[in-house]
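# Summary of the model geometry
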Amino acid sequence: MTHVEDELSSQPECWIRAASEAARHGGALPAPGERVAIVGCGTSYFMAQAVAALRESAGQGETDAFAASEFPHGRSYDRVVALTRSGTTTEVLDLLGRLKGRARTTAITADPDTPVMAAADVVVVLDFADERSVVQTRFATTALTLLRAHLGLHTDAVVDDARTALATPLPEGLVACTQFTFLGRGWTVGLANEAGLKMREASLAWTEAYPAMEYRHGPISITTRGTAAWMLGEAPEGLPEQVRATGGLWVADGLDPLAGLVRAQRLAVAVAAARGLDPDRPRHLTRSVILAP
């Protein structure tokens, strides 16, 4: 078993622990009414997109998500939350340094022995969700679960769905597809972006991701026999029928969307195996992007 397979399989247990610790970390996480920005790079940026949409739709306050390198320094925020598995990513550390004294900062990380511990005002360490694999799975979803629980939006059913996602076979013919499009709505747009990234990282697959309602505005033109459209969350009316009419494979599982992401992670590993690739050693990637001064 690869590291990434082992780590993605442990997600239900990680989520249970994160949810149980959410109250203990409450003082470090955004309070209702705060104006908040959530930042990250790569996978962490897509988790930031999901959390920002969840928090704002829950009425907790205006919430934006940015890639750390694209933070708008002309805006003011009560708190900036940085998601960083490694605690060493250059863009995140640079941003936290620039925000010192301007906004309260919280970092959520997996490694307590890294520079982010001093860079942020307060740090939440999820070391039980750390990973050996370059390809992120459990840290990202565990950080999201912590914040989801903090918002009162996590339930035991999410964990049950994750176990179902790990035990249920992937749809017939899916691994053999040549192109994959992931779709989301609201908070699941970030999950769709992350699912696409997992496929590209682990299996070098041709993948795209869109808000589901945007799929009709051009991207559906690539859909045909041998391609797949995977919906994370509830689909817009009529879209499944339109995809099937193209000859493409429509995928929807009825699970909590975060559990649906777990299935997409499994797909990435399965496609990598079918193509003779090692998902623990993705091409041109390292565990953390550290830029020279």
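Higher on the page you've got the structure.
## Some words on the packing of aromatic side chains
- The tally for this structure, following the rule as stated, stands at six aromatic pairs.
- Ring centres of Y210 and Y215 lie 6.4 Å apart, and the angle between their planes is 40 degrees; on these two criteria the pair is classed as tilted.
- You can call Y215 buried: its relative accessible area is 1%.
- Among the aromatic side chains, those forming a connected cluster through ring pairs are F66, F71 and Y77.
- Positioned above the aromatic ring of Y77, the side-chain terminus of R35 is 4.7 Å from the ring centre.

## A word on the sheet that holds strand β7 (residues 206-211)
- In spatial order, the strands read β7-β6-β8-β9; together these four strands make up an open sheet with parallel pairing. Each having just a single partner strand, β7 and β9 (249-251) make up the two edges of the open sheet. Strand-to-strand twist in this sheet, taken as the mean axis angle between neighbours without regard to direction, amounts to 20 degrees.
- Its contacts with the sheet place helix α8 (residues 188-203) against β6 (179-184), β7 and β8 (227-232), and it is angled at close to 160 degrees to β6.

## Digging into the pattern of salt bridges
- Enumeration according to the criterion identifies 14 salt bridges in this entry.
- Where D121 meets K100, a salt bridge forms, and the shortest distance between an N and an O atom there is 3.5 Å. Linking D121 in the loop between α5 (116-119) and β5 (122-125) with K100 in the loop between α4 (90-99) and β4 (104-109), this pair joins segments that are 21 residues apart in sequence.
- Overall, D121 belongs to the partly exposed group, its relative accessible area being 46%.
- Under the relative-accessibility criterion, K100 is labelled partly exposed at 42%.
- Each member of the salt-bridge network shares a partner with another, and the members are R17, E21 and R24.

Definitions and limits used
- Residues numbered from 1 in each chain as written.
- Predicted model: local features only at pLDDT ≥ 70, side-chain atom pairs only at ≥ 80, totals over all residues.
- Heavy atoms only, no water.
- Phe/Tyr/Trp six-rings, centres within 6.5 Å; stacked < 30°, edge-to-face > 60°.
- Buried < 20%, exposed > 50% of the residue type's maximum accessible area, 1.4 Å probe, protein only.
- Lys NZ or Arg CZ within 6 Å of the ring centre and 35° of its normal.
- Pairing = 2+ DSSP bridges.
- Helix = DSSP H or I, 4+ residues; strand = E, 2+ residues; numbered from the N terminus.
- Axes fitted to C-alpha atoms, helices over the stretch in contact; angles between N-to-C directions.
- Contact = heavy atoms within 4.5 Å.
- Salt bridge = Lys/Arg side-chain N within 4 Å of Asp/Glu carboxyl O.

Take it as geometry only, folks, not as evidence of what the structure does.
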